[in-house]
There are 2 protein chains.
Amino acid sequence: MIKRRATISQVASEAGVARSTVSRAFTRPDRLSPETVERVLAVADRLGYQPNPVAQALSTGQSKNIGLIVPDVANPFFPPLIRAAQRKAEDFGYCVFLGDSDEKPEREDQLVDRFTHQVAGLILVSSRLAEAQIREHARRRPLVLINQDVPEMLRVLINSGAGVTQAVAHLAELGHRHICYVSGPTTSWANRQRRAAVKLAAKQHGVTVSAVSAHKSTHEIGRASAQAVLGTGASAALAFDDLLAQGLLAGLRDAGVSVPSEFSVIGCDDVLGATTYPPLTTVSNRCIEVAEIAVTLLMDALGSRGSTDVRHVLDTHLVIRETTAAPGRPVPAKAARRKGGAAGNEQP
Amino acid sequence: MIKRRATISQVASEAGVARSTVSRAFTRPDRLSPETVERVLAVADRLGYQPNPVAQALSTGQSKNIGLIVPDVANPFFPPLIRAAQRKAEDFGYCVFLGDSDEKPEREDQLVDRFTHQVAGLILVSSRLAEAQIREHARRRPLVLINQDVPEMLRVLINSGAGVTQAVAHLAELGHRHICYVSGPTTSWANRQRRAAVKLAAKQHGVTVSAVSAHKSTHEIGRASAQAVLGTGASAALAFDDLLAQGLLAGLRDAGVSVPSEFSVIGCDDVLGATTYPPLTTVSNRCIEVAEIAVTLLMDALGSRGSTDVRHVLDTHLVIRETTAAPGRPVPAKAARRKGGAAGNEQP
DNA sequence: TTCTGCGAGGCAACCGGTTGCACGACAATC
DNA sequence: GATTGTCGTGCAACCGGTTGCCTCGCAGAA
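Residues numbered from 1 in each chain as written. Chains lettered and ligands numbered in written order. Predicted model: local features only at pLDDT ≥ 70, side-chain atom pairs only at ≥ 80, totals over all residues. Heavy atoms only, no water.

Asker: Would you explain the overall build of chain A in this entry?
Answerer: Counting its regular elements, chain A contains 13 helices and twelve strands. Taking 2.2 N^0.38 as the reference for a compact globule, 348 residues should give roughly 20 Å; the C-alpha atoms of chain A span a radius of gyration of 26 Å, well beyond that estimate. Dimensions of chain A, computed from the C-alpha atoms along their principal axes, are close to 90 × 45 × 35 Å. Among the 348 residues that make up chain A, the fraction classed as buried is 56%. Pairs at least 24 residues apart make up 71% of the contacts formed inside chain A by residues separated by at least 6 positions. Working note: accessible area of chain A is about 14,200 Å², and carbon and sulfur atoms make up 51% of it. The positive charge centre, built from 40 side chains, and the negative charge centre, built from 34, are 2 Å apart in chain A. (Helix = DSSP H or I, 4+ residues; strand = E, 2+ residues; numbered from the N terminus. Rg over C-alpha atoms; globule rule 2.2 N^0.38 Å. Buried < 20%, exposed > 50% of the residue type's maximum accessible area, 1.4 Å probe, protein only. Contact = heavy atoms within 4.5 Å. Areas by Shrake-Rupley, 256 points an atom, 1.4 Å probe, with all protein chains shown as cover. Lys, Arg positive; Asp, Glu negative; His and termini not counted. Charge placed at Lys NZ, Arg CZ, Asp CG, Glu CD.)

In structure tokens form, the structure reads like this:
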């Protein structure tokens with residue numbers, strides 16, 4: 001039932017040459033006479049022969065695969081990145097293994113272990129692993145980090161700090177004196193970076209900053225955090241990412257607080273584009289470039305010209321849409337009453 | 001610099017046994033004396049030995065990998081499915097190759113070719129390939145289709161027709177007499193299925209149906225289609241998927257048409273949950289189950305107890321949220337004027 | 001004519017596992 | 001005590017490539 005591909009031996013005997021000659025026809029045609037190459041390739045073509053990558057991997061110790069591990073495939077930040085990485089890898093003739101760590105270091109560790117044997121190198125996105133573990137893994141295979149800053153490794157970072165700084169400045173200019181940061185997963189490097197940027201920029205503009213903590217980034221959690229956000233007395237919020245921001249938008253709507261006239265909201269990562277209502281002011285993202293750079297860096301590392309300490313930083317900027325405005329009348333903390341009907345049937 | 005894993009030979013010599021004995025200690029411990037097994041495993045453990053999957057794949061002709069190909073990783077329908085598939089595969093000890101075909105049959109074909117040698121089996125999601133090609137690929141490797149109905153193959157289908165039928169009934173009950181179907185990619189099996197279900201159900205309820213065609217499913221295209229949708233004179237629209245529906249919502253807002261009081265909108269796939277504004281009435285999706293079933297089916301096919309003709313259908317239902325209501329005053333076609341400011345700065 | 005150099009291509013080992021078969025030891029059977 | 005069977009293990013071939021080294025033949029130089 002299952003059809004098997006032609007092997008190198010079949011091509012060899014068909015072409016009347018040794019297996020090594022067939023191999024060389026593909027890998028080092030310059031070491032063979034042009035006629036031989038042509039004849040071998042013709043036979044190979046006729047037989048539909050393609051070198052078996054598994055055998056190649058075993059014999060060379062190098063496969064044409066890379067591993068890509070993300071904390072949560074379903075978080076909208078990652079799919080475009082995954083897609084771009086896969087594309088770029090394909091350009092180099094590589095296939096990609098995808099792993100979802102579910103934000104759990106142990107699972108991430110396991111995935112890396114599983115992949116290690118089968119891949120030439122790895123890309124870890126927003127890794128939740130400790131530095132020591134990352135270094136350990138990097139001893140086995142070339143490894144590139146995205147959004148995780150471990151010294152003396154290959155890493156490419158989105159400096160959302162730049163955009164966040166602009167965001168705070170924007171709010172300050174509009175007249176906001178007290179803002180709230182809705183923080184994301186504490187293990188996330190991006191979260192630490194954004195939080196720090198908010199604090200610093202707020203200080204520079206003489207703006208007070210409160211913080212509300214969302215352990216995970218989902219619409220629901222963002223929505224639920226609206227109460228706490230309003231409770232801080234701030235007139236604007238900057239969320240760790242767009243998902244939380246969008247949830248917050250819904251939560252504020254529930255509370256009868258209108259955006260942006262009464263309260264301003266800024267997201268991060270521009271993952272939802274202008275699809276929210278109102279269209280969300282946010283910090284741009286560079287996830288496609290980041291993925292492409294990471295793949296390229298990894299390919300370099302696989303070749304000879306690999307550097308060992310690269311810190312590639314991509315800047316971001318504020319994208320102003322329609323969720324920010326000058327602070328309106330202050331929202332009394334008790335405006336945090338539910339308004340309007342239920343949110344509709346959730347699916348079972 | 002790069003550390004290599006222990007091999008079977010090292011374990012063998014360290015344990016004072018033949019390589020075959022080490023191999024058997026892992027694969028068929030029942031053929032060995034318990035003491036030998038224990039000793040070998042102890043040594044293996046001490047050396048950190050793990051069988052090299054590449055060598056295993058070469059020697060057995062079976063790898064513990066599967067390939068998963070989707071038309072567009074970034075379309076929100078797929079990430080949860082991808083994630084679920086990866087999880088489930090991991091439960092069986094399998095790793096997954098991910099491919100993005102960009103909706104292009106040629107690319108999909110290429111990806112399958114690339115994967116074939118390295119995987120035990122394949123899962124094609126919403127394949128854009130022609131039947132003949134799919135059959136050809138299936139001759140090489142066990143193959144499971146998701147949302148593509150090719151006779152005599154392993155396939156698991158989401159019957160969104162069921163939910164769509166409910167949706168049309170729902171609109172009819174509310175009093176709508178003329179609805180519009182915003183169709184998706186013509187190559188999509190799901191689109192054909194939904195379109196047919198809309199037509200049939202509309203006929204049964206004596207409802208007129210117009211169609212507007214969106215070649216691809218994105219927010220922007222949905223938004224742009226609002227004009228055409230209003231132009232049909234319908235009082236409600238059913239979109240191929242949530243993305244188009246959400247875009248349509250934005251387009252209607254642009255046109256000053258309020259949802260649901262003036263116009264009703266229903267999506268499909270429940271991919272956005274209650275995150276839209278207003279929360280979108282839609283047809284439920286089963287993408288997680290579908291992924292798990294597909295993986296399980298594939299695993300069965302890899303084992304001996306593989307069936308060759310399975311058609312697993314999962315039903316769906318209507319999820320009523322807040323974008324449907326009884327038809328209000330009819331919307332004059334020329335109400336299709338732009339209203340309100342620009343959508344804000346798009347990122348560059 | 002003999003020697004040297006070089007290019008083309010074959011031989012065989014190797015990558016790290018798996019597996020059919022054979023062999024030796026020991027127990028059970030006649 | 002010889003025969004048969006069973007169990008545990010080793011030997012060696014094999015999966016399908018790659019690659020270092022050797023040989024062979026031919027051209028050019030001495």
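Following the structure, the description resumes.
Asker: Help me understand the domain arrangement of chain A in this model?
Answerer: How big an interface is tends to be expressed through the accessible area that disappears when the partners come together. Under the domain assignment, chain A is made up of domain 1 (8-51), domain 2 (65-157 + 287-313) and domain 3 (160-284 + 319-335). On a C-alpha basis, the centroid separation for the pair domain 1 of chain A and domain 2 of chain A is 36 Å. (Domains from an automatic or database assignment.)

Asker: When you look at the UniProt feature "domain: HTH lacI-type" (unreviewed entry) in chain A in this model, what are you seeing that I'm missing?
Answerer: The feature "domain: HTH lacI-type" (unreviewed entry), as annotated in UniProt, sits at residues 6-60 of chain A in this numbering. With 71% helix and 0% strand, residues 6-60 of chain A has its two end C-alpha atoms placed 20 Å apart. (UniProt positions renumbered as here; feature names shortened; annotations may be inferred.)

Asker: Sorry, what's going on with the packing of aromatic side chains here?
Answerer: Geometry of an aromatic ring pair is reported as the spacing of the ring centres plus the angle between the planes. By the definition in use, this model includes eight aromatic pairs over all chains. Look at phenylalanine 26 of chain B and tyrosine 49 of chain B: their rings are 5.4 Å apart centre to centre, the planes differ by 70 degrees, and that puts the pair in the edge-to-face class. Highlighted residues: phenylalanine 26 of chain B in helix α2 (residues 19-27) and tyrosine 49 of chain B in the loop between α3 (34-47) and α4 (53-60), separated in sequence by 23 residues. Using a relative accessible area of 11% as the deciding quantity, one classes tyrosine 49 of chain B as buried. Put simply, the rings of Phe97 and Phe115 of chain A together with Phe97 and Phe115 of chain B pair up and form one aromatic cluster. The ring of tyrosine 277 of chain B carries the charged tip of arginine 253 of chain A above its face, separated from the ring centre by 3.8 Å. (Phe/Tyr/Trp six-rings, centres within 6.5 Å; stacked < 30°, edge-to-face > 60°. Lys NZ or Arg CZ within 6 Å of the ring centre and 35° of its normal.)

Asker: Is there a simple way to explain the interface of chain A and chain B in this structure?
Answerer: Across the contact, 67 residues belong to chain A and 67 residues belong to chain B. Across the chain A-chain B interface, the total number found is 14 salt bridges. Salt-bridge contacts for arginine 87 of chain B lead to aspartate 102 of chain A; the nearest nitrogen and oxygen are separated by 3.5 Å. Remark: the boundary between chain A and chain B carries 22 residue pairs in polar contact (both at pLDDT 80 or more). Grouping the amino acids of the side of chain A that touches chain B by side-chain chemistry returns 30 nonpolar, 17 polar and 20 charged. Two elements, strand β2 (residues 95-100) of chain A and strand β2 (residues 95-100) of chain B, share three bridges in a ladder whose sense is antiparallel. Bridge pairing in β2 of chain B places valine 96 of chain A opposite leucine 98 of chain B. (Salt bridge = Lys/Arg side-chain N within 4 Å of Asp/Glu carboxyl O. Polar contact = N/O pair within 3.5 Å; in protein donor to acceptor, adjacent residues only side chain to side chain. Nonpolar A, V, L, I, M, F, W, Y, C, P; charged D, E, K, R; others polar. Pairing = 2+ DSSP bridges.)

Asker: Any chance you could explain the protein's contact with DNA strand C here in plain terms?
Answerer: By nearness alone, 28 residues border DNA strand C, and Thr21 and Thr36 of chain A together with Ile8, Ser23 and Ser59 of chain B come closest of all. For DNA strand C, the fraction of atoms within 4 Å of the protein that belong to sugar or phosphate moieties is 58%. Serine 33 of chain A is positioned with one of its backbone polar atoms (N or O) 2.9 Å from a phosphate oxygen of DNA strand C. Isoleucine 8 of chain B is positioned with one of its backbone polar atoms (N or O) 2.5 Å from a phosphate oxygen of DNA strand C. (Near = heavy atom within 4 Å.)

Asker: Help me understand the pairing of strand β4 (residues 143-146) of chain B in this model?
Answerer: A regular strand places its side chains on the two faces of the sheet in alternate fashion. Residues and elements named next belong to chain B. Judged by which residues are buried, β4 turns out to be covered on both faces: Leu143 and Leu145 on one side and Val144 and Ile146 on the other are all buried. The sheet contact formed by strand β3 (residues 121-125) and β4 spans four bridges and is parallel. By the bridge assignment, valine 125 is partnered in β4 with isoleucine 146. With helix α7 (residues 131-138) bridging β3 and the parallel β4, this β-α-β connection has right-handed handedness. Sheet topology places β4 next to strand β5 (residues 154-159); three bridges connect them, and they run parallel. Each bridged residue has a counterpart across the sheet, and for leucine 145 the counterpart in β5 is arginine 155. (Right-handed = clockwise from strand over helix to strand, strands pointing away.)

Asker: What is the right way to look at the sheet that holds strand β6 (residues 178-183) of chain B in this model?
Answerer: Backbone-to-backbone hydrogen bonds join strands into a sheet, with any given pair of strands oriented parallel or antiparallel. All names here are of chain B. Taken in spatial order, the four strands make up an open sheet running β7-β6-β8-β9, and their pairing is parallel. Only two strands of the sheet have a single partner each, and these edge strands are β7 (208-213) and β9 (264-266). Each neighbouring strand pair of the sheet contributes to a mean axis angle of 20 degrees, computed without reference to strand direction. Of the strands in this sheet, β6, β7 and β8 (236-239) touch helix α9 (residues 189-204), which is tilted by about 170 degrees from β6. (Axes fitted to C-alpha atoms, helices over the stretch in contact; angles between N-to-C directions.)

Asker: Just checking my understanding: could you explain the nonpolar core for this structure?
Answerer: The biggest cluster of nonpolar side chains holds 68 residues, and the ones touching the most others in it are Ile82 and Ile123 of chain A together with Ile82 and Ile123 of chain B. If sequence neighbours within four positions are ignored, isoleucine 123 of chain B has contacts with Ile66, Gly67, Leu68, Ile69, Val144, Ile146, Ala294, Val295 and Leu298 of chain B. (Core = buried A, V, L, I, M, F, W, Y, C linked by side-chain atoms within 4.5 Å.)

Asker: What's the story with empty space enclosed by the protein in this structure? I'm lost.
Answerer: The gaps of empty space that remain are located by a probe, the size of a water molecule, rolled over the atoms. Within the structure shown, the criterion is met by four cavities of 30 Å³ or more. Within this model, the largest cavity holds a volume of roughly 220 Å³. Looking at which element gives the most residues to the lining of the largest cavity, the answer is α9 of chain B, with three residues. Its residues assigned to classes, the lining of the largest cavity shows six nonpolar, five polar and seven charged. The residues that make up the lining of the largest cavity include at least three from each of domain 2 (65-155 + 287-307) and domain 3 (160-285 + 319-335) of chain B. Space inside the second largest cavity adds up to approximately 90 Å³. Contributions of two or more residues to the lining of the second largest cavity are made by α4 (53-60) of chain A together with α4 of chain B. (1 Å grid on protein atoms, 1.4 Å probe; cavity = no way out; pocket = protein on both sides within 12 Å on 5 of 7 lines; lining within 4 Å. Points joined across faces, edges and corners; volume = space filled by probe spheres on them.)

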